[in-house]
Every structure is written in C-alpha cells, then in structure tokens.
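Fold and contact review
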Amino acid sequence: MSRLSPSQNPIRAQLLRSVSSFLLLLFFSSPGLIAQDRLESVVLRLSWKYQFQFAGFIVAKELGYYREAGLDVTLKEFDPQLDTGELVLSGQENYGLLNSMFIVQGRQIRPSVLLASYFRRSPLVLVVKPEIVKPQDLVGKKVMAAKYELQNSSLGMMLNHFGLQSEMTVLPATHQLDDFISGKVDAMTAFTSNEVISLREKKIKHRILDPFDYGFYTTAVNLFASEQEVYLHPQRTRKFVEASNRGWEYALAHPEEAINLIYGQYSQEKSKAALRKEAEVTARLILGDLFPIGTGDFKLAERLFLQLKGARMLDEAAELNTLSLERALGSRIPVDTVLSQAEREYLDKKRKLIICVDPLWMPFSSVWLAKAIGLVSGYLDVLEDFSGVEPEFLEVDRLSESIQALRERKCDLMPLMEANEELSSFLSFSAPILQLPRLVVTPVGTGHEQSLYDFKNRRVGIIEGGAQTEYFREKFPQVTFVETETVRAGLKRVVLGELAAFIAGDYETIHRIIAEFDEQLMPAFRTKPDLIVSVGVRNDEPQLIQVINKLIGKLGKTKILELLANWVRLQARFETSFAIAWRVLLAVTFFAALLLWERKRLRRFNAQLQSLAERLDASNEAKDRSIATKNKLLSIIGHDLRGTMSGLEIVFHQVVKNPQIFDQGLLDAVRASTHEARHVLENLLIWGKSQQSQIGFAPTNLELASFLERKLEFFKIQVALKQVDLSWECAPSLRVYADPLMLETILRNLVENAFKAAKPQEGIKISCRSNGAFVQILVADTGPGMEPETLAALLRDPRDGLAAQAGGLGLALCLEFVGLHGGQLFGCSQPNQGTTFSLMFPRASG
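Description of the structure in this document.

With that out of the way, let us pick up the pattern of salt bridges. In the structure shown here, the tally under the stated rule is 23 salt bridges. Between Asp 412 and Lys 350 there is a salt bridge; the shortest N-O distance is 2.8 Å. Of the two residues, Asp 412 is situated in the loop between α16 (399–407) and β19 (413–417) and Lys 350 in helix α14 (residues 341–350); the sequence distance between them amounts to 62 residues. Residues participating in the shared-partner salt-bridge network are Lys 350, Arg 409, Asp 412, Arg 538, Asp 540 and Glu 541.

Here's what the structure looks like:
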C-alpha cells in the first residue's frame, strides 16, 4: 500500500481510545438493554377529525401494532388554532399529517423529512354552485377556505394559475355544509372522501372543480417529522412508519372492522354508512393494489417545487429542503459496527481493495511521490485495520481519471467524494463523513455580497472536475460558473478581474493561499454546510457499502475531524520544510526516471491488452442488446398484430366460401383492419429504431398551433369515413420545446386511439393551454371510457392491457418519448364518459 500517514502510532493509539469510548457509549445507550415493557411515548397530529381518512393510524393503535413496536402513540385531532408544521419542527410533537408535500413558512420550504405519503392523489377540491362551470367563473364569488388550503396545495396552484386568489372573496373556513347549502358562500373547499359524499347523499346540486383536471395534483395525508426527530431517533421513526403502514394494510383489507373502531371508540360525527362510502373513496385514493402503502413520490415533489416557484408562490431563493426517510436515515452514522459473518467471508474472498482518490484536493486527498496523502491516508489506515484487507492505491493524475476508473470497475471505492445523480448510476454512497461550508473569495474593496444570488449574470470560479460544479449550476442558473484547474489559478483570475469571485473549501490551506496575494483578496462569506463528503463505493458489490458504513460508525465523526486537523497541521510543516524536501527529490530523480520508463512500457502493454478485452466485451454486449430487442419486438408483434390479422383471415375465408356476402359493410371492416395493421407496423418501425438508438433526440422550439394544423391534415379521410368531428383549439402564442418527429408520433397515436373510441356524429377535441413552465395538450374523445384503475394500469405498462385495450405499442411509444422530454403523460376516464389524455411538454424559451 503506497500512502503516507502523519504521526501514525500516536494517532492509532488515540483512535483506539476514542473507539473504545464510542463503543461503551453505544453499549450503555443500546435499546436492547432497555426493558421490553418500556414504551416510548410519541404524538401524531392528524390533519382533520377522526374519520376513515386516518383509519390506518387508528387501527395500528387499537390493534396493538404501535405497542408491538415499543411505542405508546397519542393521536390528536387537527386544531385550526395550531400550526401542525410548527408543532413538528419545534419538537413539541413527534409526527404530523399534512396535505402538502412541503412545510412552507414565509415563502420558504422548512427543512423536514417526508416519512410516507398515503393518498396518491389529493382529495382536496372546490365544491361550487351549479352555475360555476370553470375556475374563471369564481371571479367575484365568495369562497370558504382555510388559509393553508390555498397556499401549497394543488388547489392553491390551480387558483394561482388562473390568477383567482385576489379576485375572490375568501371567507374563513367553518367546514359546515350548511353555509354552502344556504347560499352563504358560492364555493367551499371539500374532500372527495368527505363533504362531497355528504352533498351527494343529501342530493344537493353542485359541481366539483378538481385541480387534477387542470394538470395540478399532489399527494395527501403526508406523514412528516423534523430532521432532529429522525436523526436522534432513527429506529423509533422507522418502527412508527412500519407500524402505521401495517395498520393501513389491515384497515383497507378489513374496512368494516376499521369503521366499527372509529365509530365505537373515536367519533360518531359521521354515520357508519358515510364511513363506508369514505372507505371506498379512500381505497381509490391510496391505490394500495398498485403502490406499496406509504410510498413517497419525490419526482412529484420536485415537479411541485418547480411549479410553486414558477407561480411565484415561493421565493426565488427557496430550496427543496424536504428529505425522504431513507435519505435522512442514510445521513446517520450506523449504530451497528460489527461485521457479520457474511461480510467477513466477502472480505476474505476480496483480499484487496483498489482505491482511487482525487489527486488535487488537499487537505482531504492528494498524491505525492506516488503515495496517497491527506485525510484519505489516515482513513485508509483505519480501513485496513477494520477490514483486515490491504488497500491498494491506483495512481491517477486527475479527478476525472478516478471517476472513469470507478465507472470501469478498476477501483472498488473512492474514500472522499461528493455524491451526485450521475455518479449514482454506478456508485453507492456511504453515510456522510464530513459536512463543511464553502468559502466565497472576492477582491478586497468590492461590494457586500452575502449570497451567490448576488452574483447574478457574473462569472464565478470553481475548481474543475468536482461534483459541486453541477450542483451550483443547477441551484444558481443565472450565475456563470467557470472551472479552473487549481485554486491558485482561480484566485489569480479573480485578482486580474476575469472572475467576480471564487468558491473554495473553508480550511487552513485555502486561507494561506489567499494570503499569498498580498491582501488583494478577502473571504467574503461562507455558504451553508452543503459540501457533503462521503465514500463512493462500486454498486455491484452491496456487501462493500455495508462494511464502509460500519467503518464510519466505528470511527465516528469526531475522530475524522481530528484526522483532518492532523493533516492540516502536517501540511503546514510540510510546506515550511519544502526547501529541504526538494533537495532529496533531486537525489532520487535519476532512479525515479528509470522506474518511470519501465512503468510506462508495462502500462503500454497493459493498455493494449485492456483495449482488446474492451472490444470483445463491447461486441458481446451489442449482441445481447440485439437479441433482447428482437425478443421484445416479437412479443409486441404477437400482441398487436394477432387480432388484426386473425380478423382479416376470417373475412377472406368467408368471402372465398360465399362471394356474394362481400358488401359495403364488409369492405369497411377490411379497410379498418388494414388501416389498423398499417398503424401497428408504423409503430413497430419507430419502436425498433428507438430500441436500436437509430432515432436521435433533437428538440427545438415549435409553434404549436401551426404544427397541429399541419399534422392533423392527415386525419381528414378518417373524419369523413367515420363521420367524427375532429376539432382543435390552440393559442398562436403557445410554443413548446420538443422533437418534431416524436411529438408527431405521440399525437398520431393518441388521435388514432381517440378515433377508435369516438362515437359517430360526436367528436374528438384537442386543446392546448399554458401550465407554468409546461404546455398542456389535451386529447379528449366521447367513447365508452374505462375504469380509472384500468387506465392507471394501462399507463403504467401499456403491454399489460393489450388484451382489453388496443394500441398498447403506440401508448408505450408515447410514454417513452414523453419521458425523453422530461414531460408527463396522464389521463382521466370514467365508464360511458369518454377518455382524456393529457400531455405535459416543456414550454419553449425565449
């Protein structure tokens, strides 16, 4: 192992003492030593009154699931005088239920942990008088709603989108139906699982304005905790979520038993009949047969965050500070630091670990005389002692070389690095080792900038190759970030006026480099501690990440900081005595040159062998992909063509036996079948090309109205033959950023499917509307429709629905092409009420 460790023996002795103290602390605080009958008291604040909306939590309490998990849970009803989010974040209560995916205060998202989401779609809607047909009709009307219901919900986004929040008279919510029935208000917020059911039972005429119909939706009954609750009590939090999920599974499987519990022990405000109807709606909202109970949707959270910012319902500087449970728990040091038998066997078989480092990141890591130095060296010493496996250092010249070596599995791990989404495709990341701020350096005498937002439309330097570069570019898109090879090079460009500032690490070495510029530079401010350093581990060997996490737990963050401090001090001594060191280097230069020449010769031969191996692997992979593509195409042909060709075969067989039966009706049937076969074959051709990467993705700015006008000309013949009206409505100003071929394919398939479903003398309508950062395209037919669950299954995997639904291959193409654009395809349908598909495409810029 080639590495250098400062004050090696003293550090190891001190490390052992620290580890011993750490293990003793863990021993005496271990939950296993606490009496089994001692329960932890926790409080859950509901988001409304006791009813079936919270059946899972009531069942978990009354059937003893919480008690089995060691918890004494108190359920508290919603109190309009209290802020549930503040109760949770302040630690006054442990867990809270909200119908928003964020805890928002002061136009900022407060840091919190979203533990689970139970309703896949929010039931919050507006109940309105029959004469109110669309959102715009709410202008000047009286609307009864709670303030929080109109802020960060899908309903709030819909009203904000149409500019209605200031055009309505909002009255404080009493949630009493009598106010609506008597005409005191024109509209009121309601839940489809609650007030809407009551209105239908009383046969009160009303309409429903559902945000989902206008492209705005979110989850509901979201379970939150503070970061402090999760970090300090990870096992308690996980057990609470698991017991709650178990309660929901039982409640959905045994609704009558859950209803009896609610009615008999909690509240008789709603009748059992009303609770039964609420249970039916709740089951549809939870979709437990399609999604695991409690599953969060952070892709939806990210989309909502962008919508809220686009609608200016959040500050420009607002950040998405909501974590998932797994991500929050992943940031903790694991308590279990003992290697299992399986992990021992894995390490015995492994024998050695190949290590990559960042060679230009002192005092964390660097390379000197073919040795790894910095904090990484001490860390590798501890790794060797802990695992019993000798680390072997792979020398590289640049960070990009280490990343490539990890991608190609030439390295097993990189001890110190920042995680990002791209790296996660081939790496797993450990619990964080360090979390440090960054230093923003500016010229002396410049302005008083206190945030990177203050550098809008200016050039700011950052070290090249780091994961933080992409992070800053995404977070501050209006700042131009310029990469430099070294910190000194970047600071020099600040002095010359080429850069307005430079972002560097906040440690002693950087401050000494700043001092070299004769007081021309100054540290302007520090960012928040968002430089999170973890261990990157190859993700094809899951046992290794378990070992590394246990090592971090055994080491402890305090000892890691001590190792870092030792290296900062050592580097100062090293730089002071560098004049002596270079003389030593001269003495060994001759021998190093000989060794280098031999090494390069061997590396050249190794490179040739590696190139041959890679070409062979590439050939095998291409062959495997080809076979997989052919199998997929054959499967799709079997599904989509069998029905069409079988129909033609039967027709021709009858005509041959009895030619006189060939009339106009039969001719129309043959024409329809051949049209369908051609449509399927066109889709097969496009699908095959897409699977073989022969279709390029080339999005451009398109004027949607003129595009639709050109492409819908194709359907003139079908309009005449089927006697179906095809109309479209699109404002000339709407422009989308899309690939023309893919958009045409998507529209063609959706319109073709609408023609199959549409009734004669009725119509197909295509409409377009602006939707924040997206443009929404709606394709609606008047056909037989389908159950919402059937449509959801079809959109999840179109091929699963081919037995009952035509056009599965076309729909699969639509989903794939929409996904490439970062958009969405969803739909709504009811039996005998037609089907509407909704496309969300990015709005064109400029």
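Another aspect to go through is the sheet that holds strand β34 (residues 835–842). With mixed pairing, the five strands of this open sheet are ordered in space as β29-β31-β32-β34-β33. At either end of the open sheet lies a strand with only one pairing partner, and these are β29 (725–729) and β33 (824–829). Adjacent strand axes in the sheet meet at a mean angle of 15° when their direction is disregarded. Both β29 and strand β31 (residues 763–771) contribute to a ladder of five bridges, which runs parallel. Counterpart to Glu 729 in the pairing with β31 is Ser 767. Packed on one face of the sheet, helix α27 (residues 740–757) meets β29, β31, β32 (774–780), β33 and β34 and runs near 170° to β34.

Okay, the nonpolar core next. Within the largest apolar cluster, 50 residues are counted, with the highest numbers of intra-cluster contacts made by Leu 44, Phe 57, Leu 115, Tyr 118, Leu 223 and Phe 240. Ignoring any residue separated from it by four or fewer positions in sequence, one finds Leu 44 in contact with Phe 57, Thr 74, Leu 75, Lys 76, Tyr 95, Gly 96, Leu 97, Leu 223 and Phe 240.

What follows concerns the state of the cysteines. Taken as a whole and judged by the stated rule, the model has one disulfide. Between the sulfur atoms of Cys 356 and its disulfide mate Cys 411 the distance is 1.8 Å. Measuring handedness by torsion sign, the sulfur bridge of Cys 356 and Cys 411 sits at about 45° and is right-handed. Here Cys 356, found in the loop between β14 (352–355) and β15 (360–361), pairs with Cys 411, found in the loop between α16 and β19; they are 55 residues apart in sequence, far enough to count as distant. Lacking any disulfide linkage, Cys 730 is separated from the closest cysteine sulfur, that of Cys 768, by 3.4 Å.

On to the packing of aromatic side chains, then. Geometry of an aromatic ring pair is reported as the spacing of the ring centres plus the angle between the planes. A complete count under the given rule lists 12 aromatic pairs for this structure. Consider the rings of Phe 57 and Trp 248, whose centres lie 6.0 Å apart with planes at 80°: the pair is edge-to-face. Residue Phe 57 is found in helix α2 (residues 55–62), and its partner Trp 248 is found in helix α9 (residues 234–253); the two are separated by 191 residues along the sequence. One exposure class covers both Phe 57 and Trp 248, and it is buried. The structure contains a cluster of three or more aromatic residues connected by ring pairs, namely Tyr 453, Phe 472, Phe 476 and Phe 481. Across the ring face of Phe 212, the terminal group of Arg 121 is positioned such that the distance to the ring centre comes to 3.9 Å. Above the ring of Phe 180, the side-chain terminus of Lys 129 is found at 4.3 Å from the ring centroid.

Each value, and the rule that gives it
Residues numbered from 1 in each chain as written. Predicted model: local features only at pLDDT ≥ 70, side-chain atom pairs only at ≥ 80, totals over all residues. Heavy atoms only, no water. Salt bridge = Lys/Arg side-chain N within 4 Å of Asp/Glu carboxyl O. Helix = DSSP H or I, 4+ residues; strand = E, 2+ residues; numbered from the N terminus. Pairing = 2+ DSSP bridges. Axes fitted to C-alpha atoms, helices over the stretch in contact; angles between N-to-C directions. Contact = heavy atoms within 4.5 Å. Core = buried A, V, L, I, M, F, W, Y, C linked by side-chain atoms within 4.5 Å. Buried < 20%, exposed > 50% of the residue type's maximum accessible area, 1.4 Å probe, protein only. Disulfide = S-S within 2.5 Å. Phe/Tyr/Trp six-rings, centres within 6.5 Å; stacked < 30°, edge-to-face > 60°. Lys NZ or Arg CZ within 6 Å of the ring centre and 35° of its normal.

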